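Structural characterization, general
Chain by chain, the residues run as shown.
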Amino acid sequence: MEFFRYLGASTRASFTKLGRASYFLIEILSGLASVIVRPRLLLKQLHSVGVLSFLIIVISGLFVGMVLGLQGFYILSRFGAEETLGVMVAASLVRELGPVVAALLFAGRAGSALTAEIGLMKATEQLSGMEMMAIDPIKRIISPRFLAGFLSMPLLASLFSAVGIIGGQLVGSGLLGVDDGAYWSQMQATLDFKDDIINGIIKSVVFGFVTSWIALFEGYDAIPTAEGVSRATTRTVVNSAFSILGLDFILTALMFGEH
Amino acid sequence: MDNVDSTENNLVSVHNLTFSRGEKKIFDDISLEFERGKITAIMGPSGTGKTTLLKLIGGQLFPERGNVMVNGRNVHHLKRAELYALRKRMGMLFQSGALLTDMTVYNNVAFPLREHTTLPESMIRSLVLMKLEAVGLRGARDLMPNELSGGMARRVALARAIALDPMMILYDEPFTGQDPISMGALVLLIKSLNATLGLTSIIVSHDVHETSAIADYIYVLADGKIVGQGTPQEITQSSSEWVQQFMNGAADGPVHFHYPAKEYMDDLLHSEKPLFPRSRLPDDRTAKRKRYS
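This text gives an overview of the structure that appears in the document. Every value quoted in this text rests on a predicted model; they were computed, and no experiment measured them.

On to the overall build of chain B. Within chain B, the regular secondary structure consists of eleven helices and ten strands. When the 293 residues of chain B are sorted by exposure, 47% land in the buried category. Within chain B, contacts between residues separated by at least 24 positions form 62% of all contacts whose residues are at least 6 apart in sequence.

Core analysis: the biggest nonpolar cluster contains 58 residues, and Phe24 and Ile142 of chain A have the highest contact counts within it. Apart from residues no more than four positions distant in its own chain, Ile142 of chain A is found in contact with Phe24, Ile28, Ile118, Pro137, Leu216 and Tyr220 of chain A. Listed in part, the 37 residues of the second largest apolar core include Leu99, Ile124, Val128 and Ala153 of chain B.

A separate point is the pattern of salt bridges. Residue and element names in this part refer to chain A. Evaluated as defined, the whole model comprises 22 salt bridges over all chains. For Glu218, the salt bridge identified is with Lys17, shortest N-O distance 3.2 Å. A residue pair is termed long-range when its members are at least 10 positions apart, and Glu218 in helix α8 (residues 193-221) and Lys17 in helix α1 (residues 2-37) qualify at 201 residues. One salt bridge in this structure joins Glu218 and Arg235, with 2.9 Å as the shortest N-O distance. Placement of the pair is Glu218 in helix α8 and Arg235 in helix α9 (residues 226-256), with a sequence separation of 17 residues. According to the relative accessible area criterion, Glu218 is buried, its value standing at 3%. For Arg235, a relative accessible area of 28% puts it in the partly exposed group. Residues joined in a network through salt bridges with shared partners are Lys17, Glu218 and Arg235.

Here we come to the interface of chain A and chain B. The partner chain B presents 28 residues to the 20 residues of chain A that form the contact. Each partner contributes to the roughly 2,100 Å² buried at the junction of chain A and chain B, and carbon and sulfur atoms together form 52% of this total. Contact with chain B buries surface across chain A, with Glu125, Met132 and Met133 of chain A losing the most and accounting together for 32% of the total. Note that Glu115 of chain B is salt-bridged to Arg140 of chain A, the shortest N-O span being 2.5 Å. Between chain A and chain B we count ten residue pairs in polar contact (both at pLDDT 80 or more) in total. Sorting the residues of the side of chain A that touches chain B by element identifies α1, α5 (126-132) and α6 (137-175) of chain A as the ones contributing at least two each. Here the side of chain A that touches chain B takes six residues from α5 of chain A, the largest share from any one element. Looking at the side of chain A that touches chain B, its residues break down into seven nonpolar, four polar and nine charged.

Turning next to the sheet that holds strand β5 (residues 73-74) of chain B. Residues and elements named next belong to chain B. A sheet is described by the order of its strands in space; here four strands give the open sequence β2-β1-β4-β5, paired in antiparallel fashion. Whereas interior strands pair on both sides, the edge strands pair on one side only; in this sheet they are β2 (24-35) and β5. Summarising the sheet, strand β1 (residues 10-21) and β2 pair through eight bridges and their orientation is antiparallel. Paired with Val14 across the bridge in β2 is Leu32. With respect to the sheet, helix α1 (residues 50-57) is in contact with β1, β2 and β4 (65-70), its orientation differing from that of β1 by roughly 120°.

With that settled, the discussion passes to the environment of Val135 of chain B. Residues and elements named next belong to chain B. Residue placement: Val135 occurs in the loop between α4 (121-134) and α5 (150-161). Linking Val135 and Ile226, residues 91 residues apart in sequence, is a C-alpha distance of 33 Å. Aside from chain neighbours lying at most four places away, what touches Val135 is Arg155, Leu158, Ala159 and Leu189.

What follows covers the packing of helix α4 (residues 85-123) of chain A against helix α7 (residues 180-190) of chain A. Residue and element names in this part refer to chain A. Taken N-terminus to C-terminus, the directions of α4 and α7 make an angle of 55°; their axes are 7 Å apart at the nearest point. Here α7 runs oblique to α4, going by the angle between their axes. Handedness of the crossing formed by α4 with α7: right-handed. Residue-level inspection shows Leu85, Gly86, Val87, Val89 and Ala90 of α4 in contact with α7, the latter providing Tyr183, Gln186, Met187 and Thr190.

Both trends apply: most residues other than glycine have a negative phi, and most peptide bonds are in trans. Residue and element names in this part refer to chain A. Positive phi is not limited to glycine here, since Ala134 has a value of about 65°. With respect to the helices, strands and loops of the structure, Ala134 is situated in the loop between α5 and α6. By relative accessible area, Ala134 is classed as buried at 5%.

A separate point is the packing of helix α3 (residues 54-78) of chain A against α6 of chain A. Residue and element names in this part refer to chain A. Direction vectors running N to C along α3 and α6 enclose 40°, while the axes themselves pass 6 Å from each other. Comparing their axes, α6 and α3 come out oblique. In this structure, α3 meets α6 at a crossing whose hand is right-handed. Seen from α3, the contacting residues are Phe54, Ile57, Val58, Ser60, Gly61, Leu62, Val64, Gly65, Met66, Gly69 and Leu70; seen from α6, they are Leu156, Leu159, Phe160, Val163, Gly164, Gly167, Gly168, Leu170 and Val171. Its residues assigned to classes, the contact of α3 with α6 shows 13 nonpolar, seven polar and no charged.

All names here are of chain A. Summarising the element assignment, Val89 is placed in helix α4. Judged by relative accessible area, which is 0%, Val89 ranks as buried. The spacing of Val89 and Val67 is 22 residues in sequence and 9.5 Å in space, taken between C-alpha atoms. Excluding residues within four positions of it along the chain, Val89 makes contact with Leu68, Gly69, Gly164, Ile165, Gly168 and Tyr183.

Moving on to the sheet that holds strand β10 (residues 225-230) of chain B. All names here are of chain B. Strands sit in the order β6-β7-β8-β3-β9-β10 across an open sheet of six strands; the sheet is mixed. Among the strands making up the open sheet, the edge pair consists of β6 (90-93) and β10. Along the sheet, successive strands turn relative to each other by an average axial angle of 15°, direction set aside. As judged from the five bridges shared by strand β3 (residues 39-43) and strand β8 (residues 200-205), these two strands associate in the parallel manner. Of the residues in β8, the one forming a bridge with Ala41 is Ile203.

The next subject is the pairing of β10 of chain B. Residues and elements named next belong to chain B. Pairing geometry for strand β9 (residues 217-222) and β10, over five bridges, is antiparallel. Directly across from Ile218, in β10, lies its bridge partner Gly230. Once β9 ends, the chain turns through two residues before running back antiparallel as β10, passing Asp223 with a positive phi of about 55°.

Our focus in this paragraph is the pairing of β6 of chain B. All names here are of chain B. Every second residue of β6 is oriented toward a common face, with Met90 and Met92 on one face and Gly91 and Leu93 on the other, all of them buried. As paired elements, β6 and strand β7 (residues 168-172) share four bridges and run parallel to each other. In the strand pairing of β7, Leu93 is matched with Tyr171.

Rules of the game
Residues numbered from 1 in each chain as written. Chains lettered and ligands numbered in written order. Predicted model: local features only at pLDDT ≥ 70, side-chain atom pairs only at ≥ 80, totals over all residues. Heavy atoms only, no water. Helix = DSSP H or I, 4+ residues; strand = E, 2+ residues; numbered from the N terminus. Buried < 20%, exposed > 50% of the residue type's maximum accessible area, 1.4 Å probe, protein only. Contact = heavy atoms within 4.5 Å. Core = buried A, V, L, I, M, F, W, Y, C linked by side-chain atoms within 4.5 Å. Salt bridge = Lys/Arg side-chain N within 4 Å of Asp/Glu carboxyl O. Buried area = accessible area lost by both parts, 1.4 Å probe. Polar contact = N/O pair within 3.5 Å; in protein donor to acceptor, adjacent residues only side chain to side chain. Nonpolar A, V, L, I, M, F, W, Y, C, P; charged D, E, K, R; others polar. Pairing = 2+ DSSP bridges. Axes fitted to C-alpha atoms, helices over the stretch in contact; angles between N-to-C directions. Parallel < 35°, antiparallel > 145°, perpendicular 65-115°, else oblique. Left-handed = near helix turned anticlockwise from the far one by under 90°.

Laid out in structure tokens, this is it:
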């Protein structure tokens, strides 16, 4: 009996939370117009969300690409197909690893920072204070951050893939002796702009949207205490990771299903 | 902006207000009046919902019953744009100051001006320096909020609250946690701002002496009711036990020192659980559940 009561209560709690989150999203989206009028607010957030994530994305992308080069070479050389290493590295990065790993890193680097920032602003009554100054905190604080996350994500994912492909080339042709020309020409011949690159970008757009939404909502909805903010930050990373991986499966099934 | 425009004598009127949080009734059918140009204080023990009252007046919370009239308009029937227009004429001083931590003192005071007006930067500069001068912190304009002491932060917040020349200011515990010097400075400041700017001030506080020194009228709240009201003299001579306990700071009286509990001896001798339980923690399961819910 106790178990069913608990089950019911937690189900209801998660649905009300989903409702609050949806309402919050509508408010964010309706606040976007005022961000476009004041690009300065956006630029500041693009810097803290996007530019400051640059380093972690580049370094991770390089190493993921290098590992792909190594692993790919070992497997492909068994079939004597080392020349297609470029295709393998590029396809896996552009289609999957680029958007997904970049989004996971983004959630850990920028998402958690957003949640902590908003949560602390709430805890120190800054949001409430703004409301009393007749300034809508959603328009002034939340929407610019949302737009910045949404815009940065595809750029960061593309950067991740690009650096990864260079990493694969460094290992493949630099270290393991795959022909340099074959690496690039096979890649160019096989990868399709619409099927591979555009689909990868669509994925990263979706991930950017969801991650920014989760991060900002968790911060805004956090219990305004030290413990509350710390738990909200954890939830941001965990929920973002789940959503990214789950959505990745759905999107992949929809995009690449016909082939 | 004319601060004495209405025929009514009271800027803020609260009628038959009821408000609950969960099961607990914070306010039970209370009515208060706040006269124009005066300093009215609301006092009471911690946890009597004094801050909640300010949030109700500011339209951040909605009452269950009753209404709040500010300048002749019902705050909770206003549309969002109208409410925001009204809030521009209200300043609120939060207990923590609520300064924006990513901006300098100067930019914090300039913030409402920049958001709500299209004044040129030179005009904003003059206004900001005037407001900072009024609170004695013109020299601190380039500091960040984390470099300020608590009292200074509150004074900057006060400068910000008067930036748009409001008709009233709501003070949330302005004296709490201040050393005697900054407390004295704040008392003086609130008094002189009220007189020079023609403001109406509402102070929520439990600092009896400071508040009685500057208030024109005092309400004492306890358990969701008004237990005493009057001028500071009337309040100190009040016959109510509640008011006497509060004003004199007696540990026990109508407000009990002990949180409601069963008989002490019963609790000690007839424990429901053995003193040395076999399981590590008696409430282990419920504790765990709480953590994850």
